[in-house]
Amino acid sequence: MNWRASISLALVAALLLSCGSNKLDKDSSPLMAGVSQVGQMLKIRKAGGADAIKGDAAKQLQQFVAKAPGQVYMGAVEEAQLPLVLQPAETNDGYVTWVSPDKRSITMLSGVISATRGYGGDVLSYDARGTANAVSNRQATSYKRTMRFLGPQYELKGATLSCTTETVGTDPVKIVDTERQLIHIVESCTDQGGGTIKSEYWVDNSGAIWQSRQWIGPQLGYIFLQRLK
Amino acid sequence: MKNILRLSLISLAFGAGIGPSWAQDAPVINWYGVPGMLDMPSGLMPTVSDFSVGLATFGNIRRTNFSFQITERLGGTFRYGNWGEWVPGPSNEYFQRSLDLRYQLIREDTEGWKPAVVVGLQDLGGTGINSAEYLVATKSFGDRLTVTAGLGWGRFGTSNSLGQPLGERPTGGTVGTINADTWFRGDVAAFGGATFKLNDKIRLIAEYSPDAYVEEDIGHGVFEAKSPYNFGVEYRLGKRVRLGAAYMYGSEFGFSATVLLNPNDPPVFGSIGNAPTPVRRRDASAASSWTLPGGKTANTEAEYRQALAAALGRDGIGLESLSIDGSRALARIRNGRYDAEAQAIGRTARVMTTVLPPSVEVFVIEPMANNQPAAAITLKRSDIEALENAPDGTEAILTRLDVSAPSRGVVKEDLTNNLYPRFSWGIGPYIDFGLANIDNPLSADFGLRLSARYDIAPGWVASAAVSGRILGNVASSSALSLSTLPHVRSDGGLYARKTPALENATLAYYFLPGNDLYGRVTVGYLERMFGGISTEVLWKPVDQQYAVGLEVDYVQQRDFEGMGFQDYSVVTGHLSGYYTFDNGYNVAVHAGRYLAGDWGATLDVAKEFNNGWKIAAYATLTDVSFAEYGYGAFNKGLRVDIPISWALGKPTRKVNPLTLMSMGGDGGARLNVGGRLYDEVDDYHAQSLEETGGMFWR
């Protein structure tokens, strides 16, 4: 008779199979339908960028980028090995929310991530203003960054980081057949415990970020991004 | 470098007391479902809020243990004990439920000499086969070895007695009640043991148990304890699953399996559901050039309504009605997806910014519960625009959100097209435990339930459910009820013989009779055993933690098989008081007349976590005596609700209710009518929105 507990637990699984006529649960996003095919083809493992994509996939990517009405980001959540293709959905006071075909989103201020949604250990908010200023001005500076996460009981958990930026050099970066000389900026952030993480940004002379590797929290780790156009 | 920050950030961001600290070695769980060795307990405690389900079996003995760590120092266990070949004959198994409480008196000082000390009551009814009391100390040496020594009474004192320091142990108390006069009485004996961590996966266990298994051996000959020494291993499959094997009492090999869950430690961290629709900010030119998503322009309220319904639909939210009055828009929504109610409000507000004309500045969102609005949440559109990306946006929006009583009445013109009448249906599995089945408390039916719902007009709902058994044994019970009370529940086996069966078929009307008042009238086949009319009024101010409800029903008992009724009818009903404490404890008292015509009260206590986990217990005492009630003495139950969203990391309002115990005799039986008001209405009131407030911008 010990099957009682087993059955009860199996019911968790079975409930998921329950079906019905509730159309509210269905979802569609025609917005990104075209992007999804390209997104699925991208198999980005580490910071290799669009240049690592070869053959037909590279052609499709080029065609997709050419057709895209606005900017396009490509990249990956590195630790989760999750490829990203992002298009802008909405702009609010300088913050642009970029959405991917799988209906997750990343919000950025001038290319600096301020929030993620739908990746699991999301950063609810990450103050991007100091970094955005420092990177676009390409000057060594220091500032505070606060980040907020949600705990398992929806409680807000925050951390404040002390950050500095420095320019470490100029790197050639090739993105979709275009090679640019980009200024390489490293942001170092330290928490109260003394641990340090580094994020990297590659910017052009106007201060626009074309490539970055940003640390966005203890759960998600690093996100690598390239702006394709 | 990365890892250092990772760790220190986790402690900063998810600080002490938030998540279970799995780094620290979790104690071995014994075969009674509590920290210990094999049969013997230890002085250790699991992580607070740990919920474990464990099975253990050796010889003819089987135990199903459900444990919950109520506070850091207080733990509880509910257990089904099962003894095979107990009596001669085909139906030879014996069952007994038991409830334990254990309290940690002293915490271990890992640096110094102080051990962890626990006092425990096993089967605290005091009259059961498993009844035992203990005082036990555990000390760890290094990070591999723990050593335990204790004193046991009851069944833990049945060999090598040290005497009876507190006198003889009385016998013959009422089963199902607490017989505290037996605690720590009778023979006391010493026990002890040790666990050794061989590696991350394997713990070696040895113990000395003074439990002589007297009842099992001498009483029924089902198990013989030949030696007091037990040896075993515990194997850990990740942090959630434990498997055990042991050689018990020099006579039998046994096995155990335990699953450990914790509401604070979801399998998927955070939400992997779809991202919200981003806020669309109005700019200077918006007033002249506003278009709907997709580029069309709208001129009429109906066009805005249609566009908003389509946009909300993509987020899994239904639009009941929309009315725009100058700068104020009132949207009534049906949230069928988000278990964190604040998330549904936050998403609705964001979608509203993408559709509604720029002149609209005030958003009033009224979530529907049972076809009537449950609350009115008022937000400023400019706050939504300004705070979406503010670093402190969550804290800020929650201080600016206003919750008030819902508006009453329906304006037909405001309704979304084709919303009424509307038919919906669902099919899913069910499990039904034969509640009052004395000779087999573990009887259960498993099958499929087809339910249908017809939303006729605002407030009016017709619904029905049919269930078909696939397998089960509730109906096969040989015992006919001998209850001297009207058989309002004890004929469950007779009802269960009919399959498929019409469980309910009702017409319900929900209405708002006044400010902060909610009403319901339900007629028809209200539940499997009763039909009639049920009426309810609830007073629940949106910003308060209390509520008062009154329910009056006139019901007649249904036929076992057909659609007709038996002769028995009764007026039943309750006055209910509800209070939600800040620490997540909800208390409800229902006082009144029960189905058998008995008068009394039900106390319902639940610990509810913000993410939807709920551990609930209830007990009913009425003027029916324990003797008249029969086995179990009075109605009581224990339930755990596990939200599916917690397991999946995706929003869904589905919950897996795990009924651990439900003693349902004829005394103290409440009508089981669907659509009771409190739970649904309360979901959208101030406190619930505050508890889920972190999810507003999710």
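The model shown is predicted, which means the values in this text are computed figures rather than measured ones. (Residues numbered from 1 in each chain as written. Chains lettered and ligands numbered in written order. Predicted model: local features only at pLDDT ≥ 70, side-chain atom pairs only at ≥ 80, totals over all residues. Heavy atoms only, no water.)

> Please give an account of the pairing of strand β7 (residues 145-152) of chain B that cites residues and values.
All names here are of chain B. Of the two faces of β7, only one is covered, namely that formed by T146, T148, G150 and G152; the face formed by L145, V147, A149 and L151 stays uncovered. Here eight bridges tie strand β6 (residues 132-141) to β7, and the two strands are oriented antiparallel to one another. Bridge assignment links F141 to a residue of β7, and that residue is L145. Hairpin connection of β6 to β7: three residues between the antiparallel strands, including G142 at a positive phi of 70°. (Buried < 20%, exposed > 50% of the residue type's maximum accessible area, 1.4 Å probe, protein only. Helix = DSSP H or I, 4+ residues; strand = E, 2+ residues; numbered from the N terminus. Pairing = 2+ DSSP bridges.)

> An account of the pattern of salt bridges is requested, with residue identities and associated values reported.
Residues and elements named next belong to chain B. All chains considered together, the criterion is met by 39 salt bridges over all chains. With a shortest N-O distance of 3.1 Å, K239 and D265 are connected by a salt bridge. Linking K239 in the loop between β10 (229-237) and β11 (241-248) with D265 in the loop between β12 (252-261) and α3 (286-289), this pair joins segments that are 26 residues apart in sequence. For K239, a relative accessible area of 37% puts it in the partly exposed group. Taking the relative accessible area as the measure of exposure, D265 reaches 10% and is therefore buried. Three or more residues are tied together by salt bridges with common partners; here these are D25, R203, E234, R236 and R242. (Salt bridge = Lys/Arg side-chain N within 4 Å of Asp/Glu carboxyl O.)

> Tell me about the nonpolar core, residues and numbers included.
What tends to happen in soluble globular proteins is that the nonpolar side chains get buried as a cluster. With 58 residues, the main nonpolar core has L308(B), L322(B), L356(B) and L379(B) as its most contacted residues. The element best represented in this core is helix α5 (residues 341-355) of chain B, accounting for seven residues. Excluding residues within four positions of it along the chain, L308(B) makes contact with L319(B), L322(B), A331(B), V351(B), M352(B) and V355(B). Counting 28 residues, the second largest nonpolar core, distinct from the first, contains V77(A), L86(A), A159(A) and L220(A). (Core = buried A, V, L, I, M, F, W, Y, C linked by side-chain atoms within 4.5 Å. Contact = heavy atoms within 4.5 Å.)

> Please provide a residue-by-residue account of the side chain of E155(A), values included.
With respect to the element layout, E155(A) can be found in the loop between β8 (141-150) and β9 (156-175). Side-chain polar atoms of E155(A) contact the backbone nitrogen of Q153(A), separated by 2.8 Å. (Polar contact = N/O pair within 3.5 Å; in protein donor to acceptor, adjacent residues only side chain to side chain.)

> Describe the pairing of strand β9 (residues 202-208) of chain B, listing the residues and the values that go with them.
Residue and element names in this part refer to chain B. Across the two faces of β9 the burial differs, with R203, I205 and E207 buried and I202, L204, A206 and Y208 not buried at all. With six bridges joining them, strand β8 (residues 189-197) and β9 adopt antiparallel strand pairing. Bridged to T195 within β9 is I205. Between β8 and β9, which pair antiparallel one after the other, the connecting turn spans four residues. Both β9 and β10 contribute to a ladder of seven bridges, which runs antiparallel. From the neighbouring strand, I202 faces β10, where its bridge partner is Y235.

> Would you mind going over the packing of aromatic side chains in detail, with residue names and values included?
Residue and element names in this part refer to chain B. Throughout the structure, instances matching the rule amount to 29 aromatic pairs over all chains. Aromatic pair Y213 and F223: ring centres 5.0 Å apart, planes at 55°, arrangement tilted. With a gap of 10 residues between them, Y213 in the loop between β9 and α2 (214-219) and F223 in the loop between α2 and β10 connect regions that are remote in the sequence. Of the two residues, Y213 and F223, neither departs from the other in class, the shared state being buried. (Phe/Tyr/Trp six-rings, centres within 6.5 Å; stacked < 30°, edge-to-face > 60°.)

> Describe the side chain of Q69(B), listing the residues and the values that go with them.
All names here are of chain B. With respect to the helices and strands, Q69 occurs in strand β2 (residues 61-69). Given a relative accessible area of 3%, Q69 falls into the buried group. Aside from chain neighbours lying at most four places away, what touches Q69 is M45, P46, T47, V48, S49, D50, L74 and G75.

> Explain the sheet that holds β6(B) to me, and be specific about the residues and the numbers.
Residues and elements named next belong to chain B. Spatially, 12 strands are ordered β1-β2-β3-β4-β5-β6-β7-β8-β9-β10-β11-β12 in a closed barrel, and the strand pairing comes out antiparallel. With direction set aside, neighbouring strand axes in the sheet form an average angle of 20°. When β10 meets β11, the two strands line up antiparallel, connected through seven bridges. Looking across to β11, one finds that E234 is bridged to G244. (Axes fitted to C-alpha atoms, helices over the stretch in contact; angles between N-to-C directions.)

> So what's going on with the sheet that holds strand β7 (residues 125-126) of chain A? Which residues, and what values?
Residue and element names in this part refer to chain A. The strand order β6-β5-β4-β3-β2-β13-β12-β11-β10-β9-β8-β7 describes an open sheet built from 12 strands, whose pairing is antiparallel. Only two strands of the sheet have a single neighbouring strand rather than two, namely β6 (112-117) and β7. Relative to strand β3 (residues 82-92), strand β2 (residues 73-77) runs antiparallel, the two being bridged by five bridges. Bridge pairing in β3 links A76 to P83. Contacting β4 (95-99), β5 (105-109), β6, β8, β9, β10 (178-190), β11 (196-203) and β12 (209-215), helix α4 (residues 129-137) runs over the sheet at an angle of about 145° to β8.

> Can you tell me about empty space enclosed by the protein, naming the residues and giving the values?
The tally for this structure, following the rule as stated, stands at 11 cavities of 30 Å³ or more. What the largest cavity holds in volume is close to 380 Å³. For the largest cavity, the lining is made up of 26 residues, of which G151(A), Y154(A), G270(B), S271(B) and M695(B) are closest to its centre. Elements supplying a minimum of two residues to the lining of the largest cavity: β8 of chain A together with α10 (644-648) of chain B. Split into classes, the residues belonging to the lining of the largest cavity amount to 13 nonpolar, nine polar and four charged. (1 Å grid on protein atoms, 1.4 Å probe; cavity = no way out; pocket = protein on both sides within 12 Å on 5 of 7 lines; lining within 4 Å. Points joined across faces, edges and corners; volume = space filled by probe spheres on them. Nonpolar A, V, L, I, M, F, W, Y, C, P; charged D, E, K, R; others polar.)

> Before we move on, can you summarise the environment of K157(A) with the specific residues and values?
The residue K157(A) is located in strand β9 in this model. Here the alpha-carbon distance between K157(A) and I209(A), two residues 52 residues apart in the chain, equals 29 Å.

> Can you explain the packing of helix α4 (residues 301-313) of chain B against α5(B)? Please cite residues and give values.
Residues and elements named next belong to chain B. Axis separation between α4 and α5 bottoms out at 10 Å; the angle between their running directions is 135°. By the angle class used here, α4 and α5 are oblique. The handedness of the crossing between α4 and α5 is right-handed. Along its contact with α4, which presents Y304, A307, L308, A311 and L312, the element α5 presents T348, V351, M352 and V355. By residue class, the composition of the contact of α4 with α5 is eight nonpolar, one polar and no charged. (Parallel < 35°, antiparallel > 145°, perpendicular 65-115°, else oblique. Left-handed = near helix turned anticlockwise from the far one by under 90°.)

> Describe the state of the cysteines, with residues and values.
When the sulfur atoms of two cysteines share a covalent bond, that bond is a disulfide. All names here are of chain A. Applying the stated criterion across every chain, the model contains one disulfide over all chains. Note that C163 is cross-linked by a disulfide to C189, the S-S spacing being 2.1 Å. Note on the C163 and C189 pair: the S-S dihedral is about 110°, so by sign convention the disulfide is right-handed. Taken together, the residues C163 in strand β9 and C189 in strand β10 connect sequence positions 26 residues apart. (Disulfide = S-S within 2.5 Å.)

> Residues and numbers for the environment of V360(B), please.
All names here are of chain B. For V360, the position within the fold is in the loop between α5 and β15 (362-369). Relative accessible area serves as the criterion here: at 0%, V360 is assigned to the buried category. Taking the C-alpha atoms as reference points, V360 and G326, 34 residues apart in sequence, are found 6.8 Å from one another. The residues contacting V360, other than those within four sequence positions of it, are R282, I324, G326, S327, R328, A329 and R381.

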